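Descriptive structure summary
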Amino acid sequence: MLLCHCRTVNNNTTVKLRRRVEHTFSSRLVWATRGDHEPKAALMAEWNAYYHNEDEEEEQEEGEQSGGDYKITGRDSLVFLVDASKEMFIKGEDGRPSNFDMTMEVVRSVYTSKIISSHRDLVALVFYGTEQSKNPRNSFKHVYVYHDLDEPGAKRVQDVDGLRGDKGAQLAADTMGSGETSLGDALWCCANLYSDIKLRLSHKRLMIFTCRDDPHGGDSTKDRQARTKANDLKETGVVIDLMHMMKPGGFDVSLFFCDVVSPPEDESELGLQLEPCDKLEDLKKRVRAKEQKKRTMARLNLCLGKGVNVAVGMYATAVMTRKPLAIRLYRETNEPVRSKTRTFHTQTGSLLLPSEIKKAQVYGKKQIVMERDEVDTIKKFDDPGLLLMGFKPMEKLKLHHHIRPAVFLYPEEDEVKGSACLFSALLMKCREKNVFALCRCISRRNYPPRFVALVPQKEVVDQGKVQITPPGFNAIFLPYADDIRTVDAPQCPVASQMQVDKMKEIVSKLRFKYRSDAFENPVVQQHYRNLEALALDMMAPEDTEDLIMPKVEQIDQRLGPLVQEFKDLVYPDSYNPESKPAAKRKTADTGGGAEKKPKMEVSEDELKAHMQNGTLGKLTVPILKEACKQFGIRTTGTKKQELLDALTARLGS
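Here the structure is a predicted model, which is why all the values come from computation and not from measurement.

Quick notes on the rules
Residues numbered from 1 in each chain as written. Predicted model: local features only at pLDDT ≥ 70, side-chain atom pairs only at ≥ 80, totals over all residues. Heavy atoms only, no water. Helix = DSSP H or I, 4+ residues; strand = E, 2+ residues; numbered from the N terminus. Expected span 1.5 Å × (residues − 1). Buried < 20%, exposed > 50% of the residue type's maximum accessible area, 1.4 Å probe, protein only. Contact = heavy atoms within 4.5 Å. Axes fitted to C-alpha atoms, helices over the stretch in contact; angles between N-to-C directions. Parallel < 35°, antiparallel > 145°, perpendicular 65-115°, else oblique. Left-handed = near helix turned anticlockwise from the far one by under 90°. Nonpolar A, V, L, I, M, F, W, Y, C, P; charged D, E, K, R; others polar. Phe/Tyr/Trp six-rings, centres within 6.5 Å; stacked < 30°, edge-to-face > 60°. Lys NZ or Arg CZ within 6 Å of the ring centre and 35° of its normal. Pairing = 2+ DSSP bridges. Arc of directions from axis to C-beta.

**Considering helix 7 (residues 183–195)**
In this model helix 7 runs 18 Å from its N-terminal to its C-terminal C-alpha over 13 residues, within 8% of the 18 Å that 1.5 Å per residue would give. Taking burial as the measure, the 13 residues of helix 7 include 10 buried ones, the bulk of the element. Along helix 7, the residues classified as buried are Leu183, Gly184, Ala186, Leu187, Cys189, Cys190, Ala191, Asn192, Leu193 and Tyr194. On its buried face, helix 7 sits against strand 2 (75–83), strand 3 (122–128), strand 4 (143–150), strand 5 (201–210), helix 8 (220–235) and strand 6 (238–244).

As structure tokens, then:
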């Protein structure tokens, strides 16, 4: 079984240019109204530890949403070990690309995907079976390290682009060539790449791309050395996967590679595929299923009863893709700046420590002051975990109960032994009885409790034995009584039965099977393609197809005369949607004749009072005109100042 991981954007067409914050420049001041003590030197470490970096806090929140936290779990690493023998450069039938060209397409796809989704991961590209040698200290012959284990970037994508197509094959032949093969030396070189990394690595994976099922041509010594080195790598935590491709006569995994590759890590891992890949999409799908690490949002205990606990992992199957936030740069050096928060006293200007800051809640016109630990105690309801409350029939779960995106639950055998077995039994029984499990969920410490409905989900695989839908429980967050609102439905005309039947025909003609992964966000896609064009020095970004726009011609072809028939049933004969309706004028008989504006008269005494108070200019132009007519004053114009001058001269005389 394989737990699928959501792709945030198209892996083939996106490059993320995120410059991480490395320098401190600006600070932001937040003023407080409580506290009146000066900070002591002995407590400097306290506020230094407390006033953390805001950007780090944003990154932590982003990691929680996507299910990963690099500060705790470390970084993922991936090494592409590619066969550079002459067989890899042979083109397929009907103009199909060579195995080497397909491999470079996949490498580029993973590079661009890593830049966007997990830019801190480490990736390397190593060729074996080459004529030339290039590796640390040149200790291994016929091994060419094209890219060291490092974060992916635009330069690396350009390097891989140079190895694609006919020109790329020629460049590879001129740069590396094809020579003898020693997979043991190549694996040893990859082990050195891992040992040279001083960072903490949470997941280490090595993928072998080849079309030769017997790379050493029957040389038992080299076979034994390769198997030994592969076992050494697996003992250090490196997962070795085989991405074998089609060759004449078929690919026999049992000849050599079945003893080299790693067994599935758990039931969710995609096992060794016996059939080789002959299409680029199949190879991409297989690589994607392997290289994407499934990060949990949280690991919880599902309590089924007193003393019966099942360890489960909580996964986000879909996360909304957003454009990255703009990074603030110092205008003189273009270096990223980092913002920090300090809290100062409004009167003394002294820096406040965490112990000097309290929180308050106004209740009944009274300010209730609380310490920080008191606030934490109030927030804590119980320890994180899932508590089984009971079971309900599936028909009790309504569509309006989905108040937020669901999460996926999968057993964690490493946490509690026997969790997978008990979890599978619970899943099977819920599916058989068509019920969902009602649980109380506290996902994190100090999080408020929610009720969730654990809906069983069946495993689905495609023809290539690649998992489409993993088995497990979807946790649907249920609303409280306070969350449900009573909405007054607007009063609308009721459609006739003929109109309803005709619209049913239209809807049935326009039905199609919706798949969320078939529609990309055009705004996000265009944003990353523009960045890709800038980073890779492209003349212009690639065109983005807006998949959410309706296909008008196809819709018209499907519906035919149904649209016009529906219009004839709904709209009157004389209705023309393109013409603007004439404004109706009420007749005098209905009492709606045009009403004359009331006459605006101001007495002479009122005008003199306005003039003495200096408020004559506050009168409107129509009132001033009426006053001029009342006193028989002739004006040379109709502007307000001319009217004021004439009235002032008349009243002042």
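On we go.
**Some words on the packing of helix 4 (residues 99–117) against helix 5 (residues 154–161)**
If you want to describe how two helices pack, look at the angle between their axes and the distance between the axes. The contact between helix 4 and helix 5 brings their axes to 9 Å, and the two run at 170 degrees. In terms of orientation, helix 4 lies roughly antiparallel with respect to helix 5. Our pair here, helix 4 against helix 5, has a crossing hand that is left-handed. Counting all contacts with helix 4, which are made through Met104, Val107, Arg108, Tyr111, Thr112 and Ile115, the residues of helix 5 involved are Ala154, Arg156, Val157, Val160 and Asp161. Taken together, the residues of the contact of helix 4 with helix 5 sort by class into 7 nonpolar, 1 polar and 3 charged.

**Side note on the packing of aromatic side chains**
Following the criterion strictly, the structure yields 12 aromatic pairs and no others. Between Phe80 and Tyr111, the ring centres sit 6.5 Å apart and the planes meet at 55 degrees, which makes this aromatic pair tilted. One end of the pair, Phe80, is in strand 2; the other, Tyr111, is in helix 4, with 31 residues separating them in the sequence. A residue is classified by how much of its surface remains accessible, and Phe80, at 0% relative accessible area, is buried. Centroid distance Tyr514 to Phe519: 5.6 Å. Interplanar angle 15 degrees. Geometry classified as stacked. Exposure remark for Tyr514: the relative accessible area of 55% places this residue in the exposed category. One residue, Lys204, lies across the ring of Tyr194, its end atom 5.8 Å from the ring centre. The ring of Phe477 carries the charged tip of Arg404 above its face, separated from the ring centre by 3.8 Å.

**So, the packing of helix 17 (residues 621–630) against helix 18 (residues 640–652)**
Packing of helix 17 against helix 18 brings their axes to within 10 Å, and their N-to-C directions diverge by 35 degrees. Considering how the two elements wind past one another, helix 17 and helix 18 form a crossing that is left-handed. Note on element contacts: helix 18 touches helix 17 through Lys640, Leu643, Leu644 and Leu647, opposite Val621, Leu624, Lys625, Ala627 and Cys628. Broken down by class, the residue content of the contact of helix 17 with helix 18 amounts to 7 nonpolar, no polar and 2 charged.

**Structural notes on the pairing of strand 18 (residues 472–477)**
Counting buried residues in strand 18 gives 6 out of 6 residues, a clear majority hidden from the surface. As judged from the 3 bridges shared by strand 13 (residues 407–411) and strand 18, these two strands associate in the antiparallel manner. Across the sheet, residue Leu409 finds its bridge partner in strand 18, namely Phe473. Taken together, the 6 bridges between strand 15 (residues 450–457) and strand 18 define a ladder with antiparallel strand orientation. Bridge pairing in strand 18 links Gln457 to Gly472.

**Overview of helix 12 (residues 497–509)**
Taking 1.5 Å per residue as the helical rise, helix 12 with its 13 residues ought to reach 18 Å, and the 19 Å between its terminal C-alpha atoms agrees with that figure. Looking at helix 12, one finds that the buried residues are Gln499, Lys502 and Ile506. The buried residues of helix 12 all sit within an arc of 70 degrees when viewed along its axis, so they share a single face. Opposite its buried face, helix 12 presents the exposed residues Gln497 and Lys504, each directed more than 90 degrees away. Each element contacted by the buried residues of helix 12 is listed here: helix 14 (552–559) and helix 15 (562–570).

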